[in-house]
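Fold and contact review
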Amino acid sequence: MSNYAVEVPSIVGLPIVGSDQLFPVRRVYCVGRNYAEHAKEMGFTGREDPFFFCKPADALVAIPAGKPGQIRYPSKTANLHYEMELVVALGSGGVNIPVEQANDCVFGYALGLDMTRRDLQNECKKQGRPWEIGKGFDESGPIGPIHPRALTGTLSQGSITLSVNGTQKQTSDLSQMIWNIPESIAYLSGLFELKAGDLIFSGTPEGVGAVVKGDKMIGHVAGLGEFEVHVV
Ligand code: MN
């Protein structure tokens, strides 16, 4: 028996479509500015090297299939933004993974929202400070069930959308990523040893904006269906 001094934190397990098993989450990596039009709306242009930040695994909120889930409006912000993203779940990892082999590491995909306290993030950018308070707060990562790649095939194109209260806010295509999924995995594996259980939020398209309490978001990625997240 292990002998821990305080209560042992539980592993975050996400449901897997078509299975009774759970996907155990290790790390949550996020790609920044990965769609050209979103990079532009944030004041950047061109194909810069990808950059990454992390969310804590326990910042994820599992949104059930086929019914709405919810997140609580966080403290200390007056500008909570949605960022609809395709999430990639790794079934294996490694270091310096070649681009051509990177898709072999993909266990599956999920719908995700990289919720952002934009006012705090902007202040961090201005001050040259880390982004955790803007990106890694509690309940900042609503995520749908994992769809195994064995069922969906490899995702590289198809629509990605988000609506708020029935109005379309984000519309793009996975093919518009500046760094596609295998390129992001390969690049990230040069910085960190990737392992089974890692998630990668692959970046958001243009059209980000604020939500308030009572808003209802519906996110969709072709091949993964949709999920509904309420802000309460
Ligand atoms: Mn993002």
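Residues numbered from 1 in each chain as written. Predicted model: local features only at pLDDT ≥ 70, side-chain atom pairs only at ≥ 80, totals over all residues. Heavy atoms only, no water.

1. Concerning the sheet that holds strand 14 (residues 167-173)
Spatially, five strands are ordered 6-18-17-13-14 in an open sheet, and the strand pairing comes out mixed. In this open sheet, the two strands that pair with only one neighbour each are strand 6 (69-71) and strand 14. Each adjacent strand pair in this sheet contributes to an overall mean axis angle of 20 degrees, direction not counted. The sheet contact formed by strand 17 (residues 216-221) and strand 18 (residues 225-231) spans six bridges and is antiparallel. Within strand 18, the residue paired with M217 across the bridge is V229. (Pairing = 2+ DSSP bridges. Helix = DSSP H or I, 4+ residues; strand = E, 2+ residues; numbered from the N terminus. Axes fitted to C-alpha atoms, helices over the stretch in contact; angles between N-to-C directions.)

2. Examining helix 3 (residues 118-127)
Restricting attention to buried positions, one finds in helix 3 the residues R118, Q121 and C124. Buried residues of helix 3, viewed axially, fall in a sector of 120 degrees; they line one side. In this structure, the buried residues of helix 3 make contact with strand 7 (80-82), strand 10 (116-117) and helix 4 (132-135). Of the residues one or two after helix 3, G128 is the one with positive phi, at around 70 degrees. (Buried < 20%, exposed > 50% of the residue type's maximum accessible area, 1.4 Å probe, protein only. Arc of directions from axis to C-beta. Contact = heavy atoms within 4.5 Å.)

3. Quick look at the coordination of the manganese ion
Those protein atoms acting as donors to the manganese ion are E83 (OE), E85 (OE) and D114 (OD), and they sit at 2.0 to 2.2 Å. Within one chain, the residues serving as donors to the manganese ion are arranged as E-x1-E-x28-D. Using a relative accessible area of 4% as the deciding quantity, one classes E83 as buried. (Donors = N, O, S within 2.8 Å, 3.2 Å for Na, K, Ca; no water.)

4. Looking at the pairing of strand 9 (residues 106-113)
Taken across its eight residues, strand 9 has seven buried, putting it largely inside the fold. Bridge count for strand 8 (residues 84-90) against strand 9 is seven bridges, and the pairing is antiparallel. Paired with E85 across the two strands is G112, which belongs to strand 9. Where strand 9 and strand 12 (residues 147-148) come together, two bridges link them in antiparallel fashion. Note on strand 12: the bridge partner recorded for G108 is P148.

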